[in-house]
Amino acid sequence: MLISSILNAIAVFPCVFCKVPQILLLLKIRNTRGISFENILMELFCHVNVFGFSFFENTLQQFLEYPVLVVQNVVLLVAIAVVSSRFLRSAFWLTVFTALFLLYGVLPKHVALSIIGLNSVIGVSGKVAQINEIVSSKSSDNVSYAAFFISAVASAARLANILITGIGETVIFFNFAVSVFTNTAVMTTIYMYRSKLVKQE
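Remember, predicted model here, so these are calculated numbers, not experimental data. (Residues numbered from 1 in each chain as written. Predicted model: local features only at pLDDT ≥ 70, side-chain atom pairs only at ≥ 80, totals over all residues. Heavy atoms only, no water.)

Trainee: So what exactly am I meant to see when it comes to the pattern of salt bridges here?
Mentor: A side chain of one charge can pair with a side chain of the opposite charge when the charged atoms of the two come close. Applying the stated rule across the entire model yields 3 salt bridges. Across the pair Lys19 and Glu43 runs a salt bridge whose closest N-O atoms are separated by 2.5 Å. In this pair, Lys19 is assigned in the loop between α1 (2-12) and α2 (20-29) and Glu43 in helix α3 (residues 37-56), connecting sequence segments 24 residues apart. Glu43 carries the same exposure label as Lys19, and that label is buried. Linking Glu43 and Lys127 is a salt bridge whose minimum nitrogen-to-oxygen distance equals 3.5 Å. Of this pair, Glu43 sits in helix α3 while Lys127 sits in helix α7 (residues 119-137), placing them 84 residues apart in sequence. According to the relative accessible area criterion, Lys127 is buried, its value standing at 7%. Through salt bridges with shared partners, a single ionic network connects Lys19, Glu43 and Lys127. (Salt bridge = Lys/Arg side-chain N within 4 Å of Asp/Glu carboxyl O. Helix = DSSP H or I, 4+ residues; strand = E, 2+ residues; numbered from the N terminus. Buried < 20%, exposed > 50% of the residue type's maximum accessible area, 1.4 Å probe, protein only.)

Put into structure tokens, the structure is as follows:
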């Protein structure tokens, strides 16, 4: 279906650049204030879950944005390690997520889907952690809108595609719906805590 192909393109192509603005901003300002490390970890957990499941279930073509998002989050973790000089922390978590990905090669499907079912709770927790980090630091100047906007648009496109085609697990549909809401909440918080100077620019 043409509409389905268009929605897939909307979900996948913007994700190629999703984290790039945040990575570039972080390397430019060399300051992690307002950026939640916990949110990045939780996002990576959710992305690795879907990537691992779809890879080993041979349905990766339906979720092509996830390998791209995993790579970008890995680069973001490395950038944070460089800026904060906390290399061991990032290395530890990258090892954990590599093991999680490989685990999907041996997990029964019902167990894998149960783990993916945690994505909604984990995703919400990550966004709450990001909002809390912005509020605590009283600034969102170092946080890029782009990743959250693109994630919300991609999730909305996935929701529409599942509704049109009827293809997709219910738990994954619910995860996308939650993603739209929580990413919108983070964007609202970013706007509220932007300094006047940055808003004018």
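Now that the structure has been shown, we can carry on.
Trainee: What should I look at first to understand unusual backbone geometry in this one?
Mentor: Comment: phi is negative for the bulk of residues other than glycine, and the bulk of peptide bonds are trans. In this structure, Arg30 is a non-glycine residue whose phi angle is positive, near 55°. Turning to its location among the elements, Arg30 is positioned in the loop between α2 and α3. Given the relative accessible area of 48%, Arg30 is considered partly exposed. Phi is positive for Ser85, close to 60°, though the residue is something other than glycine.

Trainee: Which parts of the structure should I look at to understand the side chain of Ser120?
Mentor: Within the fold, Ser120 resides in helix α7. Look at Ser120 and you get buried, because its relative accessible area is 7%. Of note is the side chain of Ser120, whose polar atom sits 2.3 Å from the side chain of Asn175. Apart from the residues lying within four places of it in its own chain, the contact partners of Ser120 are Phe174, Asn175 and Val178. (Polar contact = N/O pair within 3.5 Å; in protein donor to acceptor, adjacent residues only side chain to side chain. Contact = heavy atoms within 4.5 Å.)

Trainee: Please explain α3 as it appears in this structure.
Mentor: Every α-helical turn comprises 3.6 residues, leaving residues that sit three or four positions apart pointing alike. For α3, which comprises 20 residues, the first-to-last C-alpha distance of 28 Å matches the rise-based estimate of 28 Å (1.5 Å per residue) to within 8%. Burial runs high along α3: 16 of the 20 residues are buried. (Expected span 1.5 Å × (residues − 1).)

Trainee: Can you help me understand helix α4 (residues 65-84) in this one?
Mentor: Here α4 is 20 residues long and its end C-alpha atoms lie 28 Å apart, about the 28 Å a rise of 1.5 Å per residue gives. Positive phi appears at Ser85, one or two residues downstream of α4, with a value of about 60°.

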